[in-house]
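# Structural characterization, general
These are the residues of each chain, in order.
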Amino acid sequence: MDAALPSDATEHDDVVPPALADLLAALGPGDPQPVGRFRVDVATDTWWWSDEVYEMHGFAPGEVVPTTALVLSHKHPEDRERVASELAQAARTGEPFGSMHRIVDATGRTRTLAVAAQGRRLDGGAPWAAVVGYFVDLTTAHEEAARREATASIRAADASRSVIEQAKGVLMTAFAMGPDDAFELLRRRSNDANVPVRELARRLVAGVVDGSVTGTGTVDDVARRRIDRLLAGEGADGERSRGALE
């Protein structure tokens, strides 16, 4: 089977499909994403790929003859049926469409592609004898977005743990209890108040810092004296520790 469509297969399209224009506008400034063109003759199942589309699928330009079966074989199993349906719909109606899906290229790498396509006549043939469109490789942008999201989640988790640890420290100082008991008290009060532990901890720490808990902006005198003794190397009962005497 010929790897190129007859007639104008290699000519550049003058009009960018609206779905692709919207997608490229949404990507905004930054490094340009790889864009490739494709066409498929619906009646003969003859495909043409630009060099970029070969590369997106892990092939050297011209290395394979693209067919519908080959195209669909590289779609991610979870996305394959949807993409096949979209192509078939475009072939029947000629209506433009745009979507995002994953492929598994020839090297086994999973890539994220956006596709924008529409039906077109070929050489005066029947309406929508071909589907023409573009692939945009969003793999790098998608991975960077995933990394940013993961980083934000990690930072949020770290901040949550940090404020909980601070709240535990407040309770340990105020009630002379251990860390496990402090967290259990925090958890129990969280359940009683129907407030997340993280939020209750944040309120407690903020209240101690701004003085709304004690009215002075610090812990009370008893707790302060206990902290002073510990910082001076003494036990909570006033006896200096062995390490402080040596």
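The structure displayed is predicted, hence computed values, not measured ones. (Residues numbered from 1 in each chain as written. Predicted model: local features only at pLDDT ≥ 70, side-chain atom pairs only at ≥ 80, totals over all residues. Heavy atoms only, no water.)

## Side note on the pairing of strand E3 (residues 97–104)
Selection rule: Here the term buried applies to any residue with accessible area under 20% of the maximum for its type, exposed to any over 50%, and partly exposed to those in between, with areas from a 1.4 Å probe on protein chains only. Helix and strand definitions here come from DSSP, where helices need a minimum of 4 consecutive H or I residues and strands a minimum of 2 consecutive E residues; each element is numbered from the N-terminal end. Strand pairing follows a simple DSSP-based rule, namely that at least 2 bridges must link the two strands.
Of the two faces of E3, only one is covered, namely that formed by Phe-97, Ser-99, His-101 and Ile-103; the face formed by Gly-98, Met-100, Arg-102 and Val-104 stays uncovered. The pairing of E3 with strand E4 (residues 110–120) spans eight bridges and is classified as antiparallel. Each residue of the ladder has a partner; that of Arg-102, found in E4, is Thr-112. Connecting E3 to the next strand, E4, in antiparallel fashion are five residues, including Gly-108 with a positive phi near 95 degrees.

## Some thoughts on the packing of aromatic side chains
Applied cut-off: Think of it this way: a Phe, Tyr or Trp ring, Trp meaning its six-membered ring, pairs with another when their centres are within 6.5 Å, and the plane angle makes it stacked under 30 degrees, edge-to-face over 60, tilted otherwise.
Applying the stated criterion to the full structure yields three aromatic pairs. When the ring of Trp-49 is compared with that of Tyr-54, the centres are 5.1 Å apart and the planes differ by 75 degrees; the resulting orientation is edge-to-face. Tyr-54 matches Trp-49 in its accessibility class, with the two residues each being buried. Taken together through their ring pairs, the aromatic side chains of Phe-38, Trp-47 and Phe-135 make up a single cluster.

## Describing the confidence of the model for the protein
Our working definition: Values of pLDDT, ranging from 0 to 100, describe the predictor's confidence in every residue of the model. The contact criterion used throughout is that any non-hydrogen atoms of two residues lie within 4.5 Å.
Predicted confidence across the protein gives a mean pLDDT of 74, with 63% of residues reaching 70 or more. Considering each helix and strand of the protein separately, the mean pLDDT is smallest for helix H9 (residues 242–245), with a value of 39, and largest for helix H2 (residues 51–56), with 94. In this model residues 1–14 is a low-confidence stretch, pLDDT under 50, and it forms 37 contacts with partners more than four residues away in sequence or in other chains. Note on residues 212–218: pLDDT under 50 across the span, and twelve contacts to partners over four residues away in sequence or across chains.

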